[in-house]
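Residue-level listing of the chains:
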Amino acid sequence: MFFIICVVLLLCYFYMRPTVTVTRSPSCLVGKTAVVTGANSGIGYQTALNLASRGCKIIMADLTDMEKSKLDIIEFTNNPNIFAKHLDLSSLKSVREFASEIWKSEDKLDILINNAGIGASEKNRTADGLHPVMQINYFGHFLLTHLLMGLLKKSAAGRIVFMSSVFAFTNNLSLKKLNFDREKPNCFDRQFVYGNSKLSMIMAADTFAEKLKGTGVTVNSVHPGLVKTPIFTKTYAVYQNVFFQMFIWLSQCVFGRDPWEGSQGLVHAAVSRELKNETGKFFGDYAPRRKPLKAYNKQLCKDIWNASEIYVGLTPEERL
Ligand SMILES: NC(=O)c1ccc[n+]([C@@H]2O[C@H](COP(=O)([O-])OP(=O)(O)OC[C@H]3O[C@@H](n4cnc5c(N)ncnc54)[C@H](OP(=O)(O)O)[C@@H]3O)[C@@H](O)[C@H]2O)c1
């Protein structure tokens, strides 16, 4: 039995490695400006590094002190145009402060990478009364994208990329479960909340894409595959579930990509000339993929969008 499992894992490994794709796009980004959330670590850091190596001005947005990551990027790329700004996506106030600073310092924004995220949280509510996983992964980015929209429209061809995940397929998302308002999430819900947040990202990308048609701004979502980053260690710390840990550890050994490989899809969606007119797509390894079924439910997408506008406190003028 052990031998068969080893052979299957080995075959999976040899199948998975060649399917890791690397963006071949040579696009130069001199004169462009990008905001990358969660740029201090993992996929976000590698994305910022890649865009910086193309000459892009980078605004790294993260919770923790980014000084070391910023200096590393400047040293590795020889691009001095790298800036670090504090952003706490678990606070609507922080998102508003961050956006207003960007409005003060920038004339336009060319690329917005909504990447930051967490796998789980011990708490059920943030100070804004939202579920922390939903707020950091989704609501915060939903608000941020609205607040930066005016700057993105000023770019000749603004691009927004929402980071999703294949876990979007494992969800129990409904209007009621969007923020668990009338009930505390039970242990079943806790397994699904990450998937719900990632499905909400796909739905938001699709609705933004629809509403922005004709403005020159394109919006897509991406899943990076399974990537070996600190997100798993942080998630273990919350779940403390041995079976979950073993499953992730084994999957990482077999399918896991390194953060550089994991960033390639995001970078491709943000810079590739081939995708300049693509909008409302869900990409995995550069190819448009089928989305989770609920993402095709127009009424649910509309309901989630309308409820999200209320949860994040958008004023009528800020709405699209
Ligand atoms: N790794 C995978 O296999 C995988 C697969 C599918 C999707 N994703 C998604 O990819 C994205 C990046 O994750 P990763 O794997 O690169 O993990 P990571 O290395 O942990 O990066 C996540 C980043 O988000 C930041 N962040 C966390 N909470 C924040 C907050 N409240 N405000 C602002 N920034 C915050 C983290 O900052 P701190 O370092 O301070 O916590 C970190 O820099 C996430 O959205 C994740 O869901 C990852």
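Please refer to the structure placed before this passage.
Residues numbered from 1 in each chain as written. Predicted model: local features only at pLDDT ≥ 70, side-chain atom pairs only at ≥ 80, totals over all residues.

(A) Molecular detail of the pairing of strand 5 (residues 159-163). Within strand 5, five of the five residues are buried, which leaves it mostly tucked inside the rest of the structure. Taking every second residue as pointing to the same face, both faces of strand 5 are buried, with Arg 159, Val 161 and Met 163 on one and Ile 160 and Phe 162 on the other. Pairing of strand 4 (residues 111-114) with strand 5, which is carried by four bridges, proceeds in the parallel orientation. Directly across from Asn 114, in strand 5, lies its bridge partner Phe 162. Where the polypeptide runs from strand 4 across helix 5 (residues 132-154) and back to strand 5, its parallel neighbour, the crossover connection is right-handed. The pairing of strand 5 with strand 6 (residues 218-223) spans five bridges and is classified as parallel. (Buried ≥ 20, exposed ≤ 12 C-beta atoms within 10 Å, placed from the backbone. Helix = DSSP H or I, 4+ residues; strand = E, 2+ residues; numbered from the N terminus. Pairing = 2+ DSSP bridges. Right-handed = clockwise from strand over helix to strand, strands pointing away.)

(B) Quick peek at the packing of helix 2 (residues 42-53) against helix 9 (residues 259-271). It is the contact of helix 2 with helix 9, at a shortest axis distance of 8 Å, that shows an interaxial angle of 55°. Between helix 2 and helix 9, the interaxial angle falls into the category oblique. At the point where helix 2 passes helix 9, the crossing takes the right-handed sense. Contacts between helix 2 and helix 9 pair Gly 42, Ile 43, Tyr 45, Gln 46, Thr 47, Asn 50 and Leu 51 from the former with Pro 259, Trp 260, Gly 262, Ser 263, Leu 266, Val 267 and Ala 270 from the latter. Considered class by class, the residues forming the contact of helix 2 with helix 9 number eight nonpolar, six polar and no charged. (Axes fitted to C-alpha atoms, helices over the stretch in contact; angles between N-to-C directions. Parallel < 35°, antiparallel > 145°, perpendicular 65-115°, else oblique. Left-handed = near helix turned anticlockwise from the far one by under 90°. Contact = placed C-beta atoms within 7 Å. Nonpolar A, V, L, I, M, F, W, Y, C, P; charged D, E, K, R; others polar.)

(C) The environment of Leu 49, seen in detail. In this structure, Leu 49 sits in helix 2. Leu 49 sits 256 residues away from Trp 305 along the chain, and the two C-alpha atoms are 32 Å apart. Excluding its chain neighbours within four sequence positions, the residues that come into contact with Leu 49 are Ile 73, Phe 76 and Thr 77.

(D) Helix 3 (residues 67-77), seen in detail. Residues of helix 3 that are buried: Ser 69, Lys 70, Ile 73 and Thr 77. For helix 3, the arc enclosing every buried residue in end-on projection is 100°, short of the 170-degree limit, so these residues lie on one face. Of the exposed residues in helix 3, those oriented more than 90 degrees away from the buried face are Glu 67, Lys 68, Leu 71 and Glu 75. Looking at the packing, one finds that the buried side of helix 3 touches helix 2, strand 2 (57-62) and strand 3 (82-86). After helix 3 finishes, the residue Asn 78 shows a positive phi value of roughly 65°. (Arc of directions from axis to C-beta.)

(E) Main features of the packing of helix 5 against helix 6 (residues 187-211). Between helix 5 and helix 6, the shortest axis-to-axis distance is 8 Å and the interhelical angle comes to 15°. Relative to helix 6, helix 5 is oriented roughly parallel. Seen along the crossing, helix 5 lies across helix 6 with a hand that is right-handed. Residues Val 133, Met 134, Asn 137, Tyr 138, Phe 142 and Thr 145 of helix 5 form the contact with helix 6, whose participating residues are Val 193, Tyr 194, Asn 196, Ser 197, Lys 198, Ser 200, Met 201, Ala 204 and Phe 208. The residue inventory of the contact of helix 5 with helix 6, partitioned by class, reads nine nonpolar, five polar and one charged.

(F) Representation of helix 2 within the structure. Under the 1.5 Å per step criterion, the end-to-end length of helix 2 is 17 Å for 12 residues, consistent within 8% with the ideal 16 Å. What helix 2 keeps buried is the set Gly 42, Ile 43, Gly 44, Tyr 45, Gln 46, Thr 47, Ala 48, Leu 49, Asn 50, Leu 51 and Ala 52. Trailing helix 2 by a residue or two, Gly 55 shows a phi angle of about 90°, which is positive. (Expected span 1.5 Å × (residues − 1).)

None of the figures reported here should be taken as evidence of function without further support.
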